[in-house]
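The residues making up each chain are set out below.
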Amino acid sequence: MIIDSVEVIPYRIPMRKPLEFASGRVDEIDHVLLRIQTTDGVVGIADIPPRPYTYGETQQSIIAVISTVFAPLLVGMSALDRGAIHRRMHRTVGNFTAKAGVDVALWDIMGQTLQQPVHRLLGGAADSVRVSHMVGFADPLKMVDEAERVREQYGITTFKVKVGRRPFLLDVDVVRALREHFGSAVELYLDANRGWNAAESMRVLDAVSDLDITFFEEPCDAAEILGRRRLVAHSRVPVVADESAPSLADAAREITTGGATAVSVKVARSGFSEAQKILALAEGLGVEAIIGNQIDSQVGTCGSVALAAGVNYAGRHAAELSNFLDMADDLIAEPLQIIDGAITASLQPGLGAKIDEDKLRKYRQDGKGN
Ligand SMILES: [Mg+2]
């Protein structure tokens, strides 16, 4: 399992339907495909999503840090020595998704070499994972139609509603419309991506108090320290740290200092290694954890499925695994299937995310394609 080469490939695929939320809008995915090859010919892969509005990373910065900083450190090391590899990478601060991509590719190499699927290496907690679907900004009727279509077509009954608009009654109307349409047949939770301040968030909580909301994610900026704590202290609904808790240390700080009462865990920014630690922290402290989505392609989603199926504590809630439904195409050779509201974990060795080389040639942006 000695690392021989590291390849980073920028690619672009349009969205079938743009996803809009309080902190940004995604019209096309401009991701980076990472391939780490070992001397015995095993190729571990990861899909890396640049999210400049959340982590400050761009497609070009991810390519630069991996090819010029991380790759020279990795070549010649064993993929098994993740501790040493992370120690070396952490000499460079930040770069969450670039580091996570390296970690995911290493686990893929381990799985393929040991001939085991990654979810079993992570703990083998479940064979399949319940899916939560994210509904982006739209009018109430459109959002209800979208949720109904997804429920009918895929059997999904848990919805994360993107909120955070002003005036906030726009979003309250959406949540009320969803609850009135579905009754108690669906679970609803909210993600404001820091769109409101603490006072507005408190008024939103009052306005939706009869609508059975299960989580309230990043209602206001965690950097507004006292406002955030006042909100968390007064909320009956768990307040989820997402972009405020991209690392184990951030999650520990936010949870133990009253900035959050639940945490979103994302493979795309934590890899499997750090995600395992965050889940263990949440379990030990008795706060809920949700497997989140970084607007992942199907290749990226394979990692989230592996984590959600691998770790017991990750299975307490439906995982956000369906953003790829909004994408026009994907690099994956064997598309994921959502059936009866769940995705079955791959039994292929590693991540089970084989790349369609024709599609890679079509979508790659480095001049080596069609
Ligand atoms: Mg979020």
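Since this is a predicted model, take the numbers as computed values, not measurements.

Attention now moves to the overall build of the protein. What the protein contains, in helices and strands, is 13 helices and 12 strands. Taken over the C-alpha trace, the protein has a radius of gyration of 20 Å; the compact-globule value for 370 residues is 21 Å, and the two agree within 12%. In terms of its C-alpha atoms, the protein occupies a principal-axis envelope of roughly 60 × 40 × 35 Å. Looking at the protein as a whole, 49% of its 370 residues are labelled buried. In the protein, the share of contacts with a sequence separation of at least 24, taken over all contacts with a separation of at least 6, comes to 73%.

It is at 10 Å that the axes of helix 11 (residues 267–285) and helix 12 (residues 298–310) come closest, and there the two elements cross at 35 degrees. Taken as a pair, helix 11 and helix 12 cross one another with a handedness that is left-handed. Each of V267, A268, F272 and A275 in helix 11 lies in contact with helix 12, whose residues at this interface are G300, G303, S304 and L307. Residue composition of the contact of helix 11 with helix 12, grouped by class: five nonpolar, three polar and no charged.

The subject of this paragraph is the domain arrangement of the protein. As far as domains go, the protein holds domain 1 (3–117 + 355–363) and domain 2 (120–344). The distance between the C-alpha centroids of domain 1 and domain 2 comes to 23 Å. Facing 39 residues of domain 1, the contacting portion of domain 2 comprises 35 residues. Grouping the amino acids of the side of domain 1 that touches domain 2 by side-chain chemistry returns 22 nonpolar, seven polar and 10 charged.

The next subject is the environment of R25. Position of R25 relative to the elements: it lies in strand 2 (residues 24–38). Judged by C-beta crowding, with 13 C-beta atoms within 10 Å, R25 ranks as partly exposed. When sequence neighbours within four positions are dropped, the list of residues in contact with R25 reads P18 and E20.

This part is about the sheet that holds strand 3 (residues 43–48). Across the sheet, three strands lie side by side as 1-2-3; this open sheet has antiparallel pairing. Where the open sheet ends on each side, the last strands, each with one partner, are strand 1 (3–21) and strand 3. Each neighbouring strand pair of the sheet contributes to a mean axis angle of 15 degrees, computed without reference to strand direction. Bridge count for strand 1 against strand 2 is 14 bridges, and the pairing is antiparallel.

What follows covers the nonpolar core. Within the largest apolar cluster, 106 residues are counted, with the highest numbers of intra-cluster contacts made by L34, V129, V263 and L307. Ranked by the residues each element gives to this core, the list is headed by helix 4 (residues 96–114), at 10 residues. Of the domains in this structure, domain 1 (3–117 + 355–363) and domain 2 (120–344) are the two that each give at least three residues to this core. Residues within four places of V263 in sequence aside, it is in contact with V240, A241, A245, A251, I255, I278, A282, V287 and A289. Core analysis: the next-biggest nonpolar cluster, separate from the first, contains five residues, V26, I29, I295 and M327 among them.

The antiparallel hairpin formed by strand 1 and strand 2 contains two residues in its connecting segment. Here strand 2 folds back onto strand 3 in antiparallel fashion, the turn holding four residues, of which G41 has a positive phi close to 90 degrees.

Over its 15 residues, helix 6 (residues 140–154) runs 21 Å from end to end, which matches the ideal 21 Å to within 8%, given 1.5 Å per residue. Of all the residues in helix 6, the buried ones are M143, A147 and V150. What you see down the axis of helix 6 is that its buried residues fit within an arc of 60 degrees, all on one side. Of the exposed residues in helix 6, those oriented more than 90 degrees away from the buried face are L141, R149, E152 and Q153. Each element contacted by the buried residues of helix 6 is listed here: strand 4 (128–135), strand 5 (158–162) and helix 7 (169–182). Downstream of helix 6 by one or two residues, G155 has phi in the positive range, about 75 degrees.

Moving on, we come to unusual backbone geometry. Of the consecutive residues R166 and P167, the connecting peptide bond is found in the cis state with omega at -10 degrees. Positionally, P167 belongs in the loop between strand 5 and helix 7. Unlike most non-glycine residues, N95 shows phi in positive territory, near 55 degrees. Relative to the elements of secondary structure, N95 occurs in the loop between helix 3 (82–89) and helix 4.

Criteria and cut-off values
- Residues numbered from 1 in each chain as written.
- Predicted model: local features only at pLDDT ≥ 70, side-chain atom pairs only at ≥ 80, totals over all residues.
- Helix = DSSP H or I, 4+ residues; strand = E, 2+ residues; numbered from the N terminus.
- Rg over C-alpha atoms; globule rule 2.2 N^0.38 Å.
- Buried ≥ 20, exposed ≤ 12 C-beta atoms within 10 Å, placed from the backbone.
- Contact = placed C-beta atoms within 7 Å.
- Axes fitted to C-alpha atoms, helices over the stretch in contact; angles between N-to-C directions.
- Left-handed = near helix turned anticlockwise from the far one by under 90°.
- Nonpolar A, V, L, I, M, F, W, Y, C, P; charged D, E, K, R; others polar.
- Domains from an automatic or database assignment.
- Pairing = 2+ DSSP bridges.
- Core = buried A, V, L, I, M, F, W, Y, C linked by C-beta atoms within 7 Å.
- Expected span 1.5 Å × (residues − 1).
- Arc of directions from axis to C-beta.

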